[in-house]
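Topology and contacts: notes
Each chain, letter by letter, is given below.
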Amino acid sequence: MAETATPEVLWAQRSPQSAEDPNNYISLIINVPDVPKEDLKLDLKPDSLTFSGTSTTLKRKYHLELQFFAEVDPEASIIKHTDKNIEMKIEKKERSEKFWDRLLKEDKRYHFLKTNFDKWVDEEDQNEAAEEDFSQFGGMGGMPGMGGDFGGIDFSQLGGAGGMPDLSAMGGEGGEEAEGEDSDDDDDDDMPALEGEEAAAAKKE
């Protein structure tokens, strides 16, 4: 068995835009395929997340420790385990219209942490996509007692929502490809010389 590796983590967030808006969460995906439930541990606490598990197909152990930017509510959070990954909807403890500045407490770049552009919405655009994003977690229900050993959870109750997109090919800081593609047509080509002007110029020569 190879040495323990850090899994790829994709994240996005939402914040409530009104008192009635339920969207106040972190979307987190740990991209480790084929981790059996008996070999998976997930400890979600108000200020941190610890994950460990072994991928049977990749033949590799994975370990992850995250210290959150602010506190979360483990009791209100939701988890879904699939053959491709572990997806979490982690409720923020404090309700605020303002986004977290970042996911983690320490302000530095982490090679394993990437923005999930499939779920990311800018603060000012949240009202347009909030309902669609939230519906992806419908039917899974809350999970009391989330803070303990993840191996004690019955995964058969969590697999009801399928159809998750394949995020394994997600890149890093996307969004730049569209820049610079605007048409640069030259206005000078729009006005050809008139025939009379060409003839007059020829006589002068």
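Residues numbered from 1 in each chain as written. Predicted model: local features only at pLDDT ≥ 70, side-chain atom pairs only at ≥ 80, totals over all residues. Heavy atoms only, no water.

By the naming in an unreviewed UniProt entry, the protein goes by Protein wos2 and is assigned to Pochonia chlamydosporia 170. The annotation that UniProt attaches to the protein under Sequence similarities (unreviewed entry) is "Belongs to the p23/wos2 family." (UniProt positions renumbered as here; feature names shortened; annotations may be inferred.)

Helix and strand counts for the protein stand at two helices and eight strands. In sequence order, the protein lays out its α and β elements as β-β-β-β-β-β-β-β-α-α. Burial statistics for the protein: of 205 residues in total, 37% are counted as buried. Partitioning the intrachain contacts of the protein with sequence separation of at least 6 by distance along the chain shows that 66% fall at a separation of at least 24. Put simply, the protein shows about 12600 Å² of open surface, and 46% of that area lies on carbon and sulfur atoms. (Helix = DSSP H or I, 4+ residues; strand = E, 2+ residues; numbered from the N terminus. Buried < 20%, exposed > 50% of the residue type's maximum accessible area, 1.4 Å probe, protein only. Contact = heavy atoms within 4.5 Å. Areas by Shrake-Rupley, 256 points an atom, 1.4 Å probe, with all protein chains shown as cover.)

Turning our eyes to something else, we now look at the packing of aromatic side chains. Per the counting criterion, the structure on display carries three aromatic pairs. Here the aromatic rings of Phe69 and Trp100 are separated by 6.0 Å at their centres, their planes lie at 50 degrees, and the arrangement is tilted. Taken together, the positions of Phe69 in the loop between β5 (60-67) and β6 (72-81) and Trp100 in the loop between β7 (86-92) and β8 (113-115) put the pair 31 residues apart, joining distant regions of the chain. Ring geometry for Tyr110 versus Phe112: centroids 5.6 Å apart, planes at 55 degrees, classification tilted. Through a chain of ring-to-ring contacts, three or more aromatic side chains come together here, namely Phe68, Phe69 and Trp100. Above the face of the Tyr25 ring, Lys89 is positioned so that its terminal group lies 4.8 Å from the ring centre. (Phe/Tyr/Trp six-rings, centres within 6.5 Å; stacked < 30°, edge-to-face > 60°. Lys NZ or Arg CZ within 6 Å of the ring centre and 35° of its normal.)

Next up on the list: unusual backbone geometry. At Asp34, a position not held by glycine, the phi torsion is positive, near 55 degrees. Mapped onto the elements of the fold, Asp34 is located in the loop between β2 (25-31) and β3 (40-45). According to the relative accessible area criterion, Asp34 is partly exposed, its value standing at 26%. A positive phi angle, close to 55 degrees, is found at Lys59, a residue other than glycine. Here Lys59 is to be found in the loop between β4 (48-55) and β5.

For the rest of this paragraph, the subject is the sheet that holds strand β1 (residues 8-14). Strand order in the open sheet made by the five strands is β6-β7-β2-β1-β8, with mixed pairing throughout. Each having just a single partner strand, β6 and β8 make up the two edges of the open sheet. Strand after strand, the sheet turns through a mean of 25 degrees between neighbouring axes, direction not considered. Of the strand pairs in this sheet, β1 and β2 are connected by seven bridges, and their pairing is antiparallel. Looking at the pairing, Glu8 lines up with Asn31 of β2. (Pairing = 2+ DSSP bridges. Axes fitted to C-alpha atoms, helices over the stretch in contact; angles between N-to-C directions.)

Right, let's talk about the environment of Leu58 for a bit. Mapped onto the fold, Leu58 is located in the loop between β4 and β5. The partly exposed category is assigned to Leu58, whose relative accessible area is 45%. Considered as a pair, Leu58 and Pro33 are 25 residues apart in the sequence and their alpha carbons are 7.9 Å apart.

To continue, consider the environment of Trp100. For Trp100, a relative accessible area of 9% translates into the label buried. For the pair Trp100 and Arg14, spaced 86 residues apart in sequence, the C-alpha to C-alpha distance is 9.1 Å. Discounting chain neighbours no more than four positions away, the residues touching Trp100 are Gln13, Ile26, Phe68, Phe69, Ala70, Glu71, Val72 and Lys92.

Turning next to the pattern of salt bridges. This structure, assessed with the given rule, holds seven salt bridges. Across the pair Lys80 and Glu87 runs a salt bridge whose closest N-O atoms are separated by 3.9 Å. There is no split in this pair, since Lys80 and Glu87 are both buried. Residue Lys89 pairs with Glu91 through a salt bridge whose shortest N-O separation is 2.7 Å. Both residues of the pair, Lys89 and Glu91, count as buried. In the salt-bridge network here, residues are joined through shared partners; they are Lys80, Glu87 and Lys119. (Salt bridge = Lys/Arg side-chain N within 4 Å of Asp/Glu carboxyl O.)

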